[in-house]
Every structure is written in C-alpha cells, then in structure tokens.
Amino acid sequence: MSRGQTSRLPVHCDWIKLCLLSSSVSLTAPLLSLADTEIRGRGASGASDITSEERVLEEIVVDGTYLKGSSLSEYEPELVLTESDIAAYGVSSIAELLSIIQVETSSGKQRRNEPPVVLINGRRVSGFRELDNYPVESLARVEVLPEEASLAYGFTANQRVINFVLKSELQIIPINTRTQAPAGGGTLSNTIDGSRVFIDGNNRSTVKVKLSESSQLTERERDITPLAPDQSRDARSLLPASEQFELSGLKTKALPDEAIGTLSARFEQNESDFLTGSSPIDGTQLSQFSRSETFDLGVTINSKLAANTWSILGRYSQTDRDVENRGVFGFVIPLVSTKTQETTLDANANIALFQTSNGPVTLSGAGGVARETFESSTEDISISRDTAYIQGALSYPLPVKEERWGRGTLSIDGRLSDLSDLGGLSDFGVTASWLPIEGVTLTYSWATEDIAPTLQEFALPQTLSPNRSFFDLTTSQTVTATIVDGGNSDLQVAARDISKLGVIWKPWDERDLTVSTKYIVSKANYEIRSYSVPAPGLEAIGLNQVIRNPSGEITLLDRTPANIFESESETLRTSLSWSSPIKPTRAKAPPRPGAKRRKSGRPGSRRLSLIHRWELANELRPIASGGSLDLLDGDTIDSILARPRHLVDLTYYQWNNGWGFYGSAQYRSASALTTATDELEFSDTLRVILSASYEFNYADQIVDRFALLEETRLTIGIANALDNIVSVKDGLGRTPLAYQRDVLDPVGLGWRVELRKRF
C-alpha cells in the first residue's frame, strides 16, 4: 500500500495492542502513512499519551496522515519501546536508556566511535546533548530504525537511527539520587540530579542540573599482588577519584506553518585524579590530575513533518582540558593544556519528487560548512580545519508488480567533502530493500568512504603517563614504564568498503516476534588505530612502538595513532526478539471525592531479546612489507584481552502494576593470546545484570501513610550478579600479575540504590 492510501483495521483491544497491530500494518505501508491515533490521558505526574483506564476500542480508521513523531524514512522500526517498556528498565535519563539498549542499537557499520543518529519526534537535533535534557518520563515511545533510514536525514547509511517521541503534554520536576558501590567496598559513587520539564505540544522548555562524585579505589583495597613490588599499594589507583558538574537547558517554540525552533545550551565540568605510585626521588605521592570544561550551544529549525521537509542546524562547542602529572619524577613533565572549538552549520531537505504506481520517488539532500580549531599552549600548537560538504540520496520504488514480486526500494547516495588541510573526500553507497512476501524483508547495502583523521589525532601534544603497569606479551612479564599518548602528524586518510546483507522475518502478524540476521563485511586501507599493547607479532614485523633498555625491559610505550595498511573483518549477527502486552489492572476508584487517582491502569509489557554476534574473521596487515595478524587467533594490537569469536546477549524485562524488572546476561566465549614463549588462555565468562523497581503510586496503603512517597520510584540494581570475571592462565596454570582478577575488574559484583521523586 503506498503512501496516501487508507486502511481499515477492526481492533477490539487496549492501546498497547493497537500499537503492536500498527507495527504489523507498517509491513505493508510506509511508516509515514499511519494515522495519528494517539489517545491522550493524564497520569499522576502530568499528562501523558497513554495513561487512562483500560479501554475497549471499536473499529479504527487509519487515514493517510502521519503517526505522531514518526520518522521520514520508508523503513519501519526494528524495535519500538512503549512507556511500559521504558519503565521496566528502571533508568532515569535518556543517556542511561541508550547505554542499556546499546547491544540492540549497535550497527557494526559505524565508523570509529560514531554514535547513532538521534531524532526528537522524527526531526533532527543539534546533538545528543539537546536530547539528554529530557527525562525518561517525557517519552511516549522510542523507535530504533536500521542504518538505511539515516539517508533521509542527510547521513550516510552506516548509523542506526533512534527516534524519541515525546508526550504531547507534561509538567514535571523530577529529582533523582543514586548511590553505587562494589560489594567489596573501597569506593563509593553518589549522584544527584534534578530538572524542570514543560511540554505543551511544540512549545517545550527544560532546565537540568547534575552533580556526581566517586572516591578513589587503591590496590590495598583489593586482594592483589602489587603490580609494582617496590611501590606502596596505597599509592596506586585501580579507579580514580572523580567529580562532575553539569548545567543544561533548552527552549523549543512553535513557529509559523507548524515549524519549530530550538535553542539549547550546556556546560559540563569534569575532574579526575589517578594515583600512580610513589616518587623514586623522595617517596612522595605521584598522581595524574585532569580537568576539562565543555560548553555547547545548539540551534535547530525544523519544518512541518510532512512529505516535503527541511531543517537547519547550527552548533558551537568548546572544550578546554588540562592534564597535569603531580609529584617529583626526576625529569620535567610539562602541563598539557588544550582547547578545541567546533562551529557547524548545515541544512537538510527531504522532497517527494513524484508518485509512481509503486510509491513515491524521494530525494534527500544536505549541505553544510564547519570550522574546527585545536590549540595547545604546551607545544605552541594552533591548527584549524575548514570543511564544506554536499550530500544527496535518491530513493526509487522498484517497478515490479507487487502481487507477484512483492515490493522494494533502491537508494543511491553520495557525499563530497572538501577539507582545507586534506583536500577532497568522497563517499558513495547503494542500498536495496525487498519485501518478497508478507513478513520478510531483505536488505543489501554497499558503501565506499573516505575517513579523515581528526585534528586531535593529528596534533594532540604528547602526554606522558609515568610509572604505569601493563603486560608485555613479548617477554610475558608485567612491567612498569612510561606511556606516551598524543597525535601523529603523518596520518593519512583512511578508505573503507563495507557491505551488509540482512534478512528480517516476522512470522506472525498477531504476535510480536522478529528474527533477523545481518552479515557484514568491512575492508579498509590505512585505518587509524593505536598500537597500545607490546606484542610479539608487532615487534616481529619491525613496528617500534616500544623502547627497551639493554636488558630487554620496556621503558616507554608509544600509543599514538598510526595507519594500518590493510584490515578486513566479517561478522554475522543474529537476533530474536519477542514481546507481549500484559493486560492492565483496572484502575480503582479514588478513595474520596476529588482525590487524586494514583493508579493509571496503564498496560504492562514484557520482552525477551537474544542476540548472537559471531566474528568470522578479523585480520590486518600493519605495514605493506610485513605479514598479517589474526586478531581471532592469538594476535592483538590494542588490548591485553583476547578477542572472543562469540558474544551472546540475553535480555528480559517486564513492567506491570508499578513493578519493573530488568535482567541481562552476556556470554563471551573462551579465547587466547600468543606470547613470544607461551600462550595465555582466557576463560569464557557470563556477566549478569539485574534490577528491580517499584512505583509507590501503586501502593495505596503505603502512600496514605507516607505521603512523601507519592510519585516516587525506588530502584535496586546489581551489576555482575554472579561476580564472574575472566580467568587468565599461562601454559603452567599461572596468572600473570596484570591479569589478576581485581586488576581486570576492580568493581566485580556491585550494587546501586536509586530514589526518584517527581513533583
């Protein structure tokens, strides 16, 4: 069914079942053709979209308008989280929600450290910090879309898209306190944050403040043999002391013709102090202290969410950072001070060119300019980069007979960039989607792209971290030496080809069960990585990232970035997802006339997810004249942990009548690393995370007795509930000092208690 057509759905169920059936309809119609059938009701903490008593809905007519907050993409969501789903996680911020669903939203196609594309109500935002101003109570639903959906917003098809749909009306002041600590003690982390949120359609405003503090964890507070035998265990950190302060806010206003404009700002300050041992000169304490301050300012203007849309975004960001090594080292280590600034302005438009018998032909385009500067007073460095880019993507429905061949879409996208210091870069990609039969979606994408080094990778001044302990795989010993970090002015532009073949199967319309498989192949030249581990395979081909004394002991490890001549990886990702609504308990009558109703009757939900990531190949050739390294067969370049072939993630959550439960388990298969004389065996591991939460609004007797508990949620969580940590043994069954259990995971089993009050 093409956009603009209508469909009649007889539905005899509550709102949650309607949402699930709407997802089924989207298999045969673009998401944008669904109706705005939201039902608004007011809950105890403000208005929400779905917080009324259990309803029985009669026949519903879905016309050719947009579902509130839907994205512009023709691709349907792979995952939709409702209010009850979000409540089951027991989290308080969108940042926490993204972290906890990261396994399900990771792409496998994204570039280095590239986050997913985030939207609010189907519109672009100036950055994640604009989105993180909203608490989770402001969310009506969350949609996770495939990488191909990013083309409609001016991005390349290698980032997942996450659309956060806000409630239509809300006034709330949430205050949150959290305490986290390991079961073994030794350190404590406390966080308090509060915000004020006002939402009235497209008129919105927020103010948020956050304070957090964590104490130091030293070697003495864990059962380990000192990594540096001649150093006091009180003088060396396993975890640093840290402090964070954040103040942010935004103002969104409705503009003429249903457009909206947003102004957002954020200030963040972070401090960290890491103890590095005792001075060899006078025995006093050595430490590395870092401090950073970041200021962000963002402006966005988005048009009406319709067939033809446009957006304009501007952003300014500045970060000042100092790194200071404190103490007497016997040689001079200068204070490293850096300042980075970034100013961007870009625009995006999505246009329906014309209609065919199989659907619309759409064109999305984007263009923009950016200026980045990087300064360092330490080495008197000042460099800048001016960037201009233009991008376009054309999406065309395949001209086939739907009744015989199903339906499909072909997209072609390209991007041209001009960098003042590196010249021209280009990206090109092809994406095809085909639905041969109802419930089955096949996708294929291929892209070639140029990836430029960042200014920091080019010019970051050298930072010395003396007296650090790590494992030398070449000599099979734990050593203490100086680590060097910084930039590399000789870096070249990387080139990558990446392809994906995917299958999504939804076998039943009446059940929310989805099975998907993605096979991803990536090949790169001059990929930028860091050789941060002394390994025999690297030294054998002549890479001199370490300096050794005459006796063969490392005195310096260079972790500055470098280009890898060739690299190739293959990954198979298979997932199964099942969810089901839980019939709500009918809301009780108010205890007295005019009293506030505490129970909302909101439907509950449960969901089970199983994801298996199988790394089939991961090989690289660091230099043209050297041999190849197999990162799945004993080699490594940047981690003292061996890379497992199999990762399995199991997640289950449930929310009903105020109770929320979340549990996840990650299994990592056994693996090994090759040393010059031996082999280190890494055991398989199973890490379990559990949390339970309760909203006291559902306990009339408790709230009647303790009125302060109204609009309050209590969450108790356990991290690494089985206290399962990888075990590392050499050929003789010994554990090297650097692989001691409490060194690899100083926290182990940990707990958190969180109390959230809404006004």
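Since the structure is predicted, the reported quantities are computational estimates derived from the model, not experimental observations.

K.L.:
Can you lay out the overall build of the protein for me, pointing to particular residues and giving the numbers?
P.N.:
Per the secondary structure count, the protein includes 10 helices and 42 strands. For the protein, the proportion of its 759 residues judged to be buried stands at 52%. Here the contacts in the protein between residues at least 6 apart in sequence split such that 70% fall between residues at least 24 apart.

K.L.:
Can you explain the sheet that holds strand β26 (residues 463-472)? Please cite residues and give values.
P.N.:
Spatially, the 4 strands line up as an open sheet ordered β26-β27-β31-β30, and their pairing is mixed. Each end of this open sheet is capped by a strand with a single partner; those strands are β26 and β30 (546-548). Between one strand axis and the next, the sheet turns by 30° as a mean value, whatever way the strands run. Both β30 and strand β31 (residues 554-558) contribute to a ladder of 3 bridges, which runs antiparallel. Its bridge partner being in β31, I547 is matched across the sheet by L556.

K.L.:
Give a description of the pairing of strand β38 (residues 679-682) that names residues and reports values.
P.N.:
Regular strands show a simple pattern: their side chains alternate between the two faces of the sheet. Burial along β38 is one-sided: L680 and F682 are buried, while E679 and E681, pointing the other way, are not. Of the pairings in the sheet, the one linking strand β37 (residues 671-674) to β38 comprises 4 bridges and is antiparallel in character. Bridge assignment links S671 to a residue of β38, and that residue is F682. Between the antiparallel neighbours β37 and β38 lie 4 residues. One ladder, built from 2 bridges, connects β38 with strand β41 (residues 728-729); its direction is antiparallel. The partner of E681 across the bridge, within β41, is K729.

K.L.:
An account of the confidence of the model for the protein is requested, with residue identities and associated values reported.
P.N.:
In the predicted model, the protein carries a mean pLDDT of 84, and 88% of its residues have values of at least 70. Every residue in residues 1-66 is under pLDDT 50, and counting partners more than four places away or in other chains gives 171 contacts. Predicted confidence is poor over residues 587-598, with pLDDT under 50, and the contacts of this stretch with residues over four places away or in other chains come to 19 contacts.

K.L.:
Can you explain unusual backbone geometry? Please cite residues and give values.
P.N.:
Among all residues save glycine, negative phi is the norm, and among peptide bonds the norm is trans. One non-glycine residue, D257, lies in positive phi territory at about 60°. Tracing the backbone shows D257 in the loop between β16 (241-254) and β17 (260-278). The exposure class assigned to D257 is exposed, which follows from its relative accessible area of 68%. Phi is positive for E258, which is not a glycine, with a value near 60°.

K.L.:
Any details on a negative patch on the surface? Residues and values, ideally.
P.N.:
Together, E568, E619, D633, E679 and E681 give the surface a local cluster of negative charge. Note on placement: E568 falls in strand β32 (residues 561-582).

K.L.:
Would you mind going over the nonpolar core in detail, with residue names and values included?
P.N.:
Ranked by size, the top nonpolar core spans 36 residues in total, and within it L81, Y89, L97, Y134, L139, V142 and F164 carry the most contacts. In terms of residues, this core owes the most to one element, helix α2 (residues 83-89), which gives 4 residues. Once residues within four sequence positions are removed from consideration, Y134 is found in contact with I94, I120, L166, V197, I199, R204, T206, L250 and T252. L538, I564, A642 and F682 belong to the second largest nonpolar core, which has 22 residues in total.

K.L.:
Account for the sheet that holds strand β6 (residues 117-120), with residues named and values stated.
P.N.:
Overall, mixed pairing links the 5 strands, which are arranged β5-β8-β9-β6-β7 in an open sheet. At either margin of the open sheet sits one strand with a lone partner, and together these are β5 (79-82) and β7 (123-124). The pairing of strand β8 (residues 139-145) with strand β9 (residues 161-166) spans 6 bridges and is antiparallel. Counterpart to V142 in the pairing with β9 is F164.

K.L.:
So what's going on with the side chain of S605? Residues and values would help.
P.N.:
Position of S605 relative to the elements: it lies in strand β33 (residues 604-621). Among the polar contacts listed, one links the side chain of S605 to the side chain of D85, at a separation of 2.6 Å. In this structure, S605 is in contact with T82, S84, D85, S580, P581, I582, Y653, Q654 and W655, ignoring residues within four places of it in sequence.

K.L.:
Describe in detail the packing of aromatic side chains, supporting the description with residues and values.
P.N.:
Under the definition given, this model contains 11 aromatic pairs. The interplanar angle of 55° and the centroid separation of 5.5 Å between the aromatic rings of Y89 and Y662 together place this pair among those described as tilted. Taken together, the residues span a long stretch of sequence, with Y89 in helix α2 and Y662 in strand β36 (residues 659-668) at a distance of 573 residues. No difference in accessibility class separates Y89 from Y662, as the two residues are buried. Relative to Y739, the ring of F471 has its centre 5.1 Å away and its plane inclined at 70°; by these criteria the two rings are edge-to-face.

K.L.:
Give me the environment of T262: which residues, what numbers.
P.N.:
Relative to the elements of secondary structure, T262 occurs in strand β17. T262 sits in the buried class, given a relative accessible area of 7%. Sequence separation between T262 and N202 is 60 residues; the distance between their C-alpha atoms is 9.8 Å. When neighbours within four sequence positions are excluded, T262 is seen to be in contact with E130, L250, K251, T252, G298, V299 and T300.

K.L.:
Break down the environment of I718 for me, citing the residues and quoting the values.
P.N.:
Position of I718 relative to the elements: it lies in strand β40 (residues 712-719). Residue class for I718 comes out partly exposed when judged on its relative accessible area of 34%. Sequence separation between I718 and V753 is 35 residues; the distance between their C-alpha atoms is 9.2 Å.

K.L.:
Outline the pattern of salt bridges, listing residues and values.
P.N.:
As enumerated under the stated definition, the model contains 41 salt bridges in all. Here E258 ties to K304 by a salt bridge, and the two come within 3.7 Å at their closest N and O atoms. Note that E258 is positioned in the loop between β16 and β17 and K304 in the loop between β18 (285-302) and β19 (309-326), a separation of 46 residues in sequence. According to the relative accessible area criterion, K304 is partly exposed, its value standing at 36%. Here D485 makes a salt bridge to R559, at a shortest N to O gap of 3.0 Å. One end of the pair, D485, is in strand β27 (residues 477-485); the other, R559, is in the loop between β31 and β32, and 74 residues separate them in sequence. Relative accessible area serves as the criterion here: at 22%, D485 is assigned to the partly exposed category. Residue R559 is classed as partly exposed on the basis of its relative accessible area, which comes to 30%.

K.L.:
Kindly report on the side chain of K506, identifying the contributing residues and their values.
P.N.:
Along the chain, the position of K506 falls in the loop between β28 (494-505) and β29 (512-530). Looking at K506, its side chain comes within polar contact range of the side chain of E76, at 2.8 Å.

K.L.:
Quick one: what's the story with a nonpolar patch on the surface, residue by residue and with numbers?
P.N.:
There is a patch of nonpolar side chains on the surface, built from L255, L263, F295, L297, V299, I301, W310, I312, L345 and V369 and spanning about 810 Å² of accessible area. In terms of residues, the nonpolar patch owes the most to one element, β18, which gives 4 residues. Here I301 lies in strand β18.

K.L.:
Go over the environment of A642 with me, naming the residues and quoting the values.
P.N.:
Position of A642 among the secondary structure elements: in the loop between β34 (629-630) and β35 (646-656). Considering only alpha carbons, one finds A642 and E681, 39 residues apart in sequence, at a separation of 8.6 Å. Beyond its immediate sequence surroundings of up to four residues, A642 is in contact with R668, S671, A672, L673 and F682.

Cut-offs applied
Residues numbered from 1 in each chain as written. Predicted model: local features only at pLDDT ≥ 70, side-chain atom pairs only at ≥ 80, totals over all residues. Heavy atoms only, no water. Helix = DSSP H or I, 4+ residues; strand = E, 2+ residues; numbered from the N terminus. Buried < 20%, exposed > 50% of the residue type's maximum accessible area, 1.4 Å probe, protein only. Contact = heavy atoms within 4.5 Å. Pairing = 2+ DSSP bridges. Axes fitted to C-alpha atoms, helices over the stretch in contact; angles between N-to-C directions. pLDDT = per-residue confidence, 0-100. Patch = residues over 30% accessible without salt bridge, like charges linked within 9 Å, V, L, I, M, F, W, Y side chains within 5 Å. Areas by Shrake-Rupley, 256 points an atom, 1.4 Å probe, with all protein chains shown as cover. Salt bridge = Lys/Arg side-chain N within 4 Å of Asp/Glu carboxyl O. Lys, Arg positive; Asp, Glu negative; His and termini not counted. Charge placed at Lys NZ, Arg CZ, Asp CG, Glu CD. Core = buried A, V, L, I, M, F, W, Y, C linked by side-chain atoms within 4.5 Å. Polar contact = N/O pair within 3.5 Å; in protein donor to acceptor, adjacent residues only side chain to side chain. Phe/Tyr/Trp six-rings, centres within 6.5 Å; stacked < 30°, edge-to-face > 60°.

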